[in-house]
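# Inside the fold
This is what each chain is made of:
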Amino acid sequence: MSRFAVALFAALLAVAPTMAPAAQTAREPYGINLEGFPYPYPVSLLPLVNDGEQLRMAYMDVAPAQPNGRTVLLLHGRNFPSSYWAPVIKTLTGAGFRVVVPDQVGFGKSSKPTGELHFDTLARNTIALLDHLGISKAEVVAHSMGVMLAVRIARAYPDRVTHLVLTAPIGLEDYRMYVPPIASETIMANEDRLTAEGYRKQLETNYALKLPPDQVTPFIDARFNLKDSADYSRWLKSFVSSYQMIYREPVVHEIPLLTQPTLFIMGADDHNAPGRPNAPEALRAKMGQNAELAKTLASQMRDARAEVIANAGHLVFLDAPAKYDALLLEFLGK
């Protein structure tokens, strides 16, 4: 062996021990309030008391460069942190709106309560946030589970809501008519067994995702990089409670009673229906006809219409941003 080869081999041996730990080091897990997961704007925390428990509600409050004097409240879905609203925040602030983006208690960077979640409680929390910020009225733009909350807010506090944009809602049908009740312990066990790859496939199937895989990965990280947190069991209990809230507290019967101008924006390929795998097989195909359900409900309302965007799924504002933004701004501009 030449002197050069011997020297090179020795150098590699010397470097190898310092290289190995870096390659094997696992990323530190997020906290159950998504500590370590970046948001696009600064996050503040509002102290709250729910059922005697001291909690904190996280929110972003984003000011426009040229204010138009109006505020939009963005309400997130169940499986996503409020950070996924980033493109819509940019669109709205660019049009002059102040944008308030909370993580509901039990989600994202907000506290995970030990008690059960209820839409009425989340509605009170959200109004408390608006009061804290000195906002008397807001345009409400909601997605998925957030639409169910928006309906409850608009019904309980009608004078606080000027317009409703209901984006790819769930809750357009009463899931109790199709799905039998499932014990929380069973759901917890199923969720705990779910892998990151299994969750990706679940999102792709349930939400008819059109996004490239790299855009989906942050959602996977937000769900699975907290699994090694010391408080993971508390997060899991809260997450399962959110399913039970959706199942036990339907809002479809309240939607026709809404009086605010309302726009449904639907993805044509969105057939999401929580609990469908647990429904009898004969009923599953009847669930999740969301675009048609939205049209039917809109026809029953005082001032509502439904717009359906082709080649878009449950994440319609990310699948078809230009079309979504145009509908959003046109409606809010009225």
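This report concerns the structure included in the present document. (Residues numbered from 1 in each chain as written. Predicted model: local features only at pLDDT ≥ 70, side-chain atom pairs only at ≥ 80, totals over all residues. Heavy atoms only, no water.)

## Thoughts on the layout of surface pockets
Taken as a whole, the largest pocket spans an internal volume of roughly 640 Å³. Lining the largest pocket are 25 residues, with Arg78, Glu191, Gln202, Asn206 and Gly275 positioned closest to its centre. Looking at the lining of the largest pocket, the elements that each hand over two or more residues are α5 (184-193), α6 (196-207) and α8 (232-248). Ranked by the residues each element gives to the lining of the largest pocket, the list is headed by α6, at 5 residues. Tallied by class, the residues present in the lining of the largest pocket amount to 14 nonpolar, 8 polar and 3 charged. As a volume, the second largest pocket reaches approximately 230 Å³. (1 Å grid on protein atoms, 1.4 Å probe; cavity = no way out; pocket = protein on both sides within 12 Å on 5 of 7 lines; lining within 4 Å. Points joined across faces, edges and corners; volume = space filled by probe spheres on them. Helix = DSSP H or I, 4+ residues; strand = E, 2+ residues; numbered from the N terminus. Nonpolar A, V, L, I, M, F, W, Y, C, P; charged D, E, K, R; others polar.)

## With respect to the sheet that holds strand β8 (residues 304-309)
On the basis of which strands lie adjacent, the open sheet formed by 8 strands has the order β1-β2-β4-β3-β5-β6-β7-β8 and mixed pairing. The open sheet has two free edges, formed respectively by β1 (44-50) and β8, since each of these has just one partner strand. The average undirected angle you get between the axes of adjacent strands in this sheet is 20°. In this structure, strand β5 (residues 138-143) lies alongside strand β6 (residues 161-167), joined through 5 bridges in parallel fashion. Following the sheet pairing, alanine 138 is matched in β6 by valine 161. In the packing of helix α10 (residues 290-299) onto the sheet, the strands contacted are β7 (262-267) and β8, and the crossing angle to β8 comes to about 160°. Packing of helix α12 (residues 321-332) onto the sheet brings it into contact with β3 (71-75), β5, β6, β7 and β8, and relative to β6 it is tilted by some 160°. (Pairing = 2+ DSSP bridges. Axes fitted to C-alpha atoms, helices over the stretch in contact; angles between N-to-C directions. Contact = heavy atoms within 4.5 Å.)

## A short note on unusual backbone geometry
Note on backbone geometry: most residues besides glycine have negative phi, and most peptide bonds are trans. The phi dihedral of alanine 208 is positive, around 45°, even though this residue is not glycine. Within the secondary structure layout, alanine 208 lies in the loop between α6 and α7 (213-224). Of note, the phi angle at asparagine 311 is positive, near 55°, even though the residue is not glycine. Relative to the assigned elements, asparagine 311 resides in the loop between β8 and α11 (316-319).

## As for empty space enclosed by the protein
Gaps between atoms show up when a probe of the same size as a water molecule is rolled over them. What the rule picks out here adds up to 1 cavity of 30 Å³ or more. Reported here for the largest cavity is a volume of approximately 190 Å³. Looking at the lining of the largest cavity element by element, the count peaks at 3 residues for α7. Class assignment of the residues belonging to the lining of the largest cavity gives a composition of 11 nonpolar, 3 polar and 3 charged.

## As for α8
With 17 residues, α8 should reach 24 Å at 1.5 Å per residue; the first-to-last C-alpha distance of 24 Å fits that figure. Here α8 lies mainly inside the structure; 13 of its 17 residues are buried. (Expected span 1.5 Å × (residues − 1). Buried < 20%, exposed > 50% of the residue type's maximum accessible area, 1.4 Å probe, protein only.)

## Here we look at the pairing of strand β2 (residues 53-62)
Counting buried positions along β2 yields 7 of 10 residues, so the element is predominantly enclosed. Across 7 bridges, the pairing between β1 and β2 is antiparallel. Residue pairing in the sheet places serine 44 in a bridge with tyrosine 59 of β2. Taking the residues that link successive antiparallel strands as the turn, the β1-β2 hairpin has 2 residues, and the phi of aspartate 51 there is positive, at about 50°. Note that β2 and strand β4 (residues 98-102) share 4 bridges and pair antiparallel. Residue methionine 60 lies in a different strand from β4, and its bridge partner there is valine 101.

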